[in-house]
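# Coordinate inspection notes
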Number of protein chains: 2
Amino acid sequence: MDLRGQLKIKPDRLMRDLRDLAKIGKLTTGVSRTSLSNADLEARHWLLKRMADAGLKSTIDTVGNVHGQINTDAKSVIIGSHTDSVPVGGWLDGSLGVIYGLEIARTVLEAGYENTIGIHAISFMDEEGTYLACLGSRKFCQELSDDEIADGQNPAGEQLAHALDRAGLTSNPEIFLDSNAHIAYLEAHIEQGPRLEAERKAIGIVTGIVGIRRFRLEIRGEADHAGTVPMSMRKDAGTAAIRFSHRFLETVEGCKGADSVWNVGFVNFEPGAANVVPAKAELLYEIRDLDAVVLDRMESAIHDLCETANQTGLLQYEITKTIDITPSAMDSALSNNILDAAKNIGSPHMMMPSGAGHDAMVFARHIPSAMLFIPSIKGKSHSEAEDTSEKDIIVGCQVLAGSIEGIFST
Amino acid sequence: MDLRGQLKIKPDRLMRDLRDLAKIGKLTTGVSRTSLSNADLEARHWLLKRMADAGLKSTIDTVGNVHGQINTDAKSVIIGSHTDSVPVGGWLDGSLGVIYGLEIARTVLEAGYENTIGIHAISFMDEEGTYLACLGSRKFCQELSDDEIADGQNPAGEQLAHALDRAGLTSNPEIFLDSNAHIAYLEAHIEQGPRLEAERKAIGIVTGIVGIRRFRLEIRGEADHAGTVPMSMRKDAGTAAIRFSHRFLETVEGCKGADSVWNVGFVNFEPGAANVVPAKAELLYEIRDLDAVVLDRMESAIHDLCETANQTGLLQYEITKTIDITPSAMDSALSNNILDAAKNIGSPHMMMPSGAGHDAMVFARHIPSAMLFIPSIKGKSHSEAEDTSEKDIIVGCQVLAGSIEGIFST
């Protein structure tokens, strides 16, 4: 059966739901719905009711993931994202992909394809990591150990287990990924970057989610009076940090891949006074790329820099890797499905990596997964300034619906 | 009258006084005698009594400067330094020069030259700047306005005026420099650096006290997600700070003078997270040299760097000069006097700048002034690790006594 053109989403209904959801935990233009906060729980119960009202089989599970399903006996596609936010977040980050799932399930029901198309719409708990990043998707995919849940706590020091109990979730059913029934994972998300806007594309088809490696560099020298000790007699950790970081920038530029990005986001000198030669410097370097080979090459170059620097013996340089997240490739057949859907409605589109992490990163380890991005105005996210035009929001949902048509066409 | 060889200081008495003074506010090996603390006041009253016991006309003035004079009717040489310390300081920083003054006055009396040689020994208040740097010497030289005293406060927030009142000093006499009677200022001090030790010299004759210019650099860019924004689209204040500082180091190296030193002692990135492109960087640069022409050249090069950096227009660079201390030349005739005294007793010596500030900096603006340094073991100061060998302490005092012989020989 060729389903192309059969699923027509309802723009007004989509926008109304997004705007209603944005009222929960509303700030000025953004939202504050950190995981398991009152606002987050209110949003999840609102969603549960919206799903039930629309005729979906709706459930909230033991970690607060909200599920809405149609055609549960058949193979189904998961359409997921998250309704929790960072402390001062935007109205679309996560919510967009969740409401897309609801809207597409409703559209399937309205179009009378409830026996042909299986949809499992989910809002995952705590993608933003208030307690534990990607808590909900990792629990759903059975990646989470009891120890990890026991260790989870929020910045205010509340234990995750206590928070789940407080939210009345612990006696709810557990719901897991079923790799026989779940044939694909789709996630739509705002880009959180400036590329689609700059290239005037409405749709980004995500090739993969970058791997992240983070390094802490510590340089130990000796504190000295910055007036009385000649330059040649100093063990100056500050000057060393500037020189090393300059070489770091040149080195990663020299061995980067097409999608590589890097950052020196933190630096501190001790004791940190204008008239004291720094005894110690601490820096955080981060590198990201889709390709583990590129990351290996960059990492190896950083270790070489450190070894060379240590050879003078005057100061001690120590590099420690503090984060190592593997790149996640998206499924190419599934991505082509999104590409076709964008072409079918004549929407300008581009292939691009995701520089940020998403629940799709977890799913890519288990079932074919793909993502689509819609533009973020001025590339803003994790801020109240985050926004996307109504037109782009509507096009994104229609393209995602188009990819569902493609998947279930035979 | 040729006085050469007439003043023989008493090493045991000198060392006993230094060690007794070091018991007041004693830590493990160092002292804590911040200005107007109980320990500082106890030390000043101990000194007042030591001076009186030795036959000096002793007075404590309205800001806590302790004065001990012999031959008050004649021309006199001021021998001064300070008995206050930094919070965790060494036992000789300041105290050395003060006890030298006491020892030399006693030696003059013992040698029967009280009608030939005039000595005015002083311990100045707050050279270290707990309330107001060089408070005592600036008050004595009438450089201090009532407003400055009213504004002075310590890090705990105590007003200077309140502290002087608490110490019972306010009704004491005011004592000022008399440029008719005071013919010279001499100050002996530990080097607070490693040069004399490295060059195996017992005496440093100070050519001048370096000028200090301090600059605050602020770079304003834009915060961005360190994963989603391509390198070419960032306004990265962190990368800019590393590149600018690297050029700063190359530039000052390229236009330095023989005695120039510089420091990048403080740096901060905002928001300061590994995964956020820095929106703002703040750095403190300091340059020091004896020669204002060299400082001008360096400062001009720094402003050129800033202007060039601003020409791209992507980020804003702003340089603000926060400190500008003029270099203080020491009096060459007086310095030659110290040089002759060192030669006369066969002591290895060298000419050198002072990279740190001293009360002599204030006096150089009013009367001929000179300084001598003795070695600091491993160059340590402003720390309990500060120390000098007994032998070097004794040689320093004898050389200073020799320079007094020279000044009053006719």
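Within any chain, residue numbers begin from 1 and follow the written order of that chain's sequence. Key to labels: chains lettered from A, ligands numbered from 1, both in the order written. The model is predicted, so local features are restricted to residues of pLDDT at least 70 and side-chain atom pairs to those at 80 or more, both for listing and for counting; the totals for chains, interfaces and linings are taken over all residues.

Numbering of helices and strands runs from the N terminus, with a helix taken as a DSSP run of H or I at least four residues long and a strand as a DSSP run of E at least two residues long. Scanning chain A from N- to C-terminus turns up 12 helices and 15 strands. Relative to a compact globule of 410 residues, whose C-alpha radius of gyration would be 22 Å, chain A shows 24 Å and is just as compact. Once the C-alpha set of chain A is aligned to its principal axes, its extents read approximately 85 × 45 × 40 Å. Within chain A, the fraction of its 410 residues that count as buried is 55%. Partitioning the intrachain contacts of chain A with sequence separation of at least 6 by distance along the chain shows that 78% fall at a separation of at least 24. Put simply, the radius of gyration uses C-alpha atoms, and a globule should come to 2.2 Å times the residue count raised to 0.38. Exposure criterion: with C-beta atoms placed from backbone coordinates, a residue whose C-beta has 20 or more other C-beta atoms within 10 Å is buried, one with 12 or fewer is exposed, and one in between is partly exposed. Contact criterion: two residues are in contact if their C-beta atoms, reconstructed from the backbone, are within 7 Å.

Let us look at the relation of the copies chain B and chain A. Only residues with pLDDT of at least 70 in both copies count here: their C-alpha atoms drive the least-squares fit that superposes the copies. Aligned on chain A, chain B shows an RMSD of 0.2 Å; the corresponding rotation is 179 degrees and the shift along the axis is 0.2 Å. Both copies are brought into coincidence by an operation consistent with a two-fold rotation axis. For chain B, the residue whose C-alpha comes nearest the rotation axis is Ile242(B), separated from it by 2.9 Å. Take the interface residues of chain B: 98% of them recur as interface residues in chain A, which is what a same-surface contact looks like.

To continue, consider the domain arrangement of chain A. Residues and elements named next belong to chain A. As used throughout, domain bounds are those supplied by an automatic or database domain assignment. Examined at the domain level, chain A breaks down into domain 1 (11-210 + 327-408) and domain 2 (211-325). The centre of domain 1, based on its C-alpha atoms, is set 38 Å off from the matching centre of domain 2. Among the residues making up the side of domain 1 that touches domain 2, the classes are represented as three nonpolar, three polar and no charged. Ten residues, namely Ala, Val, Leu, Ile, Met, Phe, Trp, Tyr, Cys and Pro, are considered nonpolar, four, namely Asp, Glu, Lys and Arg, are considered charged, and the remaining ones, Gly among them, are considered polar.

Moving on to the interface of chain B and chain A. Listed as interface residues are 44 residues of chain B and, on the opposing side, 44 residues of chain A. Contributions of two or more residues to the side of chain B that touches chain A are made by helix 8 (237-255), strand 9 (261-270), strand 10 (276-277) and strand 11 (280-289) of chain B. Across the side of chain B that touches chain A, the residue classes tally to 21 nonpolar, 17 polar and six charged.

Residue and element names in this part refer to chain A. With six of six residues buried, strand 15 (residues 369-374) is to be regarded as a mostly interior element. By the bridge criterion, six bridges tie strand 5 (residues 182-190) to strand 15 in an arrangement that is parallel. When the sheet's bridge partners are listed, Ile190 is paired in strand 15 with Ile374. Here, strands pair whenever DSSP counts at least two bridges between them. Two strands pair when backbone bridges link them, and strand 6 (residues 203-209) and strand 15 are joined in this way by two bridges, in the antiparallel orientation. Looking at strand 15, one finds that Gly204 is bridged to Phe373.

Another point: the nonpolar core. The term nonpolar core refers to a group of buried residues, namely Ala, Val, Leu, Ile, Met, Phe, Trp, Tyr and Cys, whose C-beta atoms join them within 7 Å. Counting 89 residues, the largest nonpolar core has Ile104(A), Ala105(A), Ile119(A), Leu372(A), Leu400(A) and Ile404(A) as the members making the most contacts within it. By residue number, the principal contributor to this core is helix 12 (residues 390-408) of chain A, which donates nine residues. Filtering out sequence-adjacent residues up to four positions away, Leu372(A) remains in contact with Ala188(A), Ile203(A), Gly204(A), Ile205(A), Val206(A), Ile338(A), Gly396(A), Val399(A) and Leu400(A). Core analysis: the next-biggest nonpolar cluster, separate from the first, contains 87 residues, Leu14(B), Val98(B), Cys134(B) and Met352(B) among them.

Once that is clear, we can look at the packing of helix 10 (residues 332-344) of chain B against helix 12 (residues 390-408) of chain B. All names here are of chain B. Look at helix 10 against helix 12: their axes get within 8 Å of each other, and the N-to-C directions meet at 120 degrees. Put simply, helix 10 runs oblique to helix 12. For the crossing formed where helix 10 meets helix 12, the hand is right-handed. Listed contacts from helix 12 to Asn337, Ile338, Asp340, Ala341, Ala342 and Asn344 of helix 10 are Val399, Gly402, Ser403, Gly406 and Ile407. Classifying every residue of the contact of helix 10 with helix 12 gives five nonpolar, five polar and one charged. Note on method: axes are straight lines fitted to C-alpha atoms, helices fitted across the in-contact stretch only, with angles between N-to-C directions ranging 0 to 180 degrees. Note that the term roughly parallel is reserved for angles under 35 degrees, roughly antiparallel for angles over 145, roughly perpendicular for angles of 65 to 115, and oblique for everything else. A crossing counts as left-handed when the near helix is turned anticlockwise from the far one by less than a right angle, and as right-handed when that turn is clockwise.

Moving on to helix 8 (residues 237-255) of chain A. Here the expected span of a helix is defined as 1.5 Å times the quantity of residues minus one. Counted at 1.5 Å a residue, the expected span for helix 8 of chain A with its 19 residues is 27 Å, and the 26 Å between its end C-alpha atoms agrees. Regarding helix 8 of chain A, the residues found buried are Ala237(A), Gly238(A), Thr239(A), Ala240(A), Ala241(A), Ile242(A), Phe244(A), Ser245(A), Phe248(A) and Val252(A).

Residues and elements named next belong to chain B. Note: strand 7 (residues 211-220) against strand 11, 10 bridges, orientation antiparallel. Pairing of Ile219 across the sheet is with Ala281, part of strand 11. Bridge count for strand 7 against strand 12 (residues 316-325) is nine bridges, and the pairing is antiparallel. Directly across from Ile219, in strand 12, lies its bridge partner Tyr317.

Right, let's talk about unusual backbone geometry for a bit. Residue and element names in this part refer to chain A. For the peptide bond that leads from Glu270 to Pro271, omega is 0 degrees, which places it in the cis range. By secondary structure assignment, the location of Pro271 is in the loop between strand 9 (261-270) and strand 10 (276-277). In this model, Asn71 sits at a positive phi of 60 degrees, which is unusual for a non-glycine residue. Relative to the elements of secondary structure, Asn71 occurs in the loop between strand 2 (66-70) and strand 3 (76-82). Look at Asn71 and you get partly exposed, because 19 C-beta atoms sit within 10 Å.

This paragraph deals with the sheet that holds strand 7 (residues 211-220) of chain A. All names here are of chain A. Within the open sheet, the four strands sit side by side as 9-11-7-12. Their pairing is antiparallel. The sheet is open, and its two edges are formed by strand 9 and strand 12 (316-325), each paired on a single side. Averaged over all pairs of adjacent strands, the angle between their axes in this sheet comes to 15 degrees, without regard to strand direction.

Turning our eyes to something else, we now look at helix 1 (residues 11-22) of chain A. Residues and elements named next belong to chain A. Over its 12 residues, helix 1 extends 16 Å from the first C-alpha to the last, a length consistent with the 16 Å expected when each residue adds 1.5 Å. Where helix 1 is concerned, the buried positions are Leu14, Asp17, Leu18 and Leu21. The buried residues of helix 1 occupy an angular sector of 95 degrees when projected down its axis, which confines them to one face. Facing away from the buried side of helix 1 by over 90 degrees, the exposed positions are Asp12, Arg16 and Arg19. Each direction from the helix axis to a C-beta atom contributes to the arc, which is the arc of those directions.

For the rest of this paragraph, the subject is the confidence of the model for chain A. The pLDDT value tells you how sure the predictor is about a given residue, anywhere from 0 up to 100. On average, residues of chain A score 96 in pLDDT, and 100% of them reach the 70 mark or higher. Note on the complex model: pTM 0.89, ipTM 0.89.

This brings us to the environment of Glu103(B). Residue and element names in this part refer to chain B. Assignment of secondary structure puts Glu103 in helix 3 (residues 95-110). When the C-alpha positions of Glu103 and Val399 are compared, they lie 12 Å apart, and in sequence the two are 296 residues distant. Those residues in contact with Glu103 that sit more than four places away from it in its chain are Ile9, Arg13, Leu14 and Cys397.

We now examine the sheet that holds strand 12 of chain B. Residue and element names in this part refer to chain B. With antiparallel pairing, the four strands of this open sheet are ordered in space as 9-11-7-12. The open sheet terminates on both sides in strands that have one partner only, identified here as strand 9 and strand 12. Sheet twist, expressed as the mean angle between neighbouring strand axes with direction ignored, is 15 degrees. Taken together, the nine bridges between strand 9 and strand 11 define a ladder with antiparallel strand orientation. Bridge pairing in strand 11 places Asn263 opposite Glu286. Of the strands in this sheet, strand 7, strand 9, strand 11 and strand 12 touch helix 8, which is tilted by about 10 degrees from strand 11.

Residues and elements named next belong to chain B. Running from N to C, helix 1 (residues 11-22) and helix 3 cross one another at 135 degrees; their axes reach a closest spacing of 10 Å. Our classification of the angle between helix 1 and helix 3 gives oblique. Helix 1 and helix 3 meet at a crossing whose hand is right-handed. Along its contact with helix 1, which presents Arg13, Leu14, Asp17, Leu18 and Leu21, the element helix 3 presents Ser95, Ile99, Leu102 and Glu103. In terms of residue class, the contact of helix 1 with helix 3 is built from five nonpolar, one polar and three charged.

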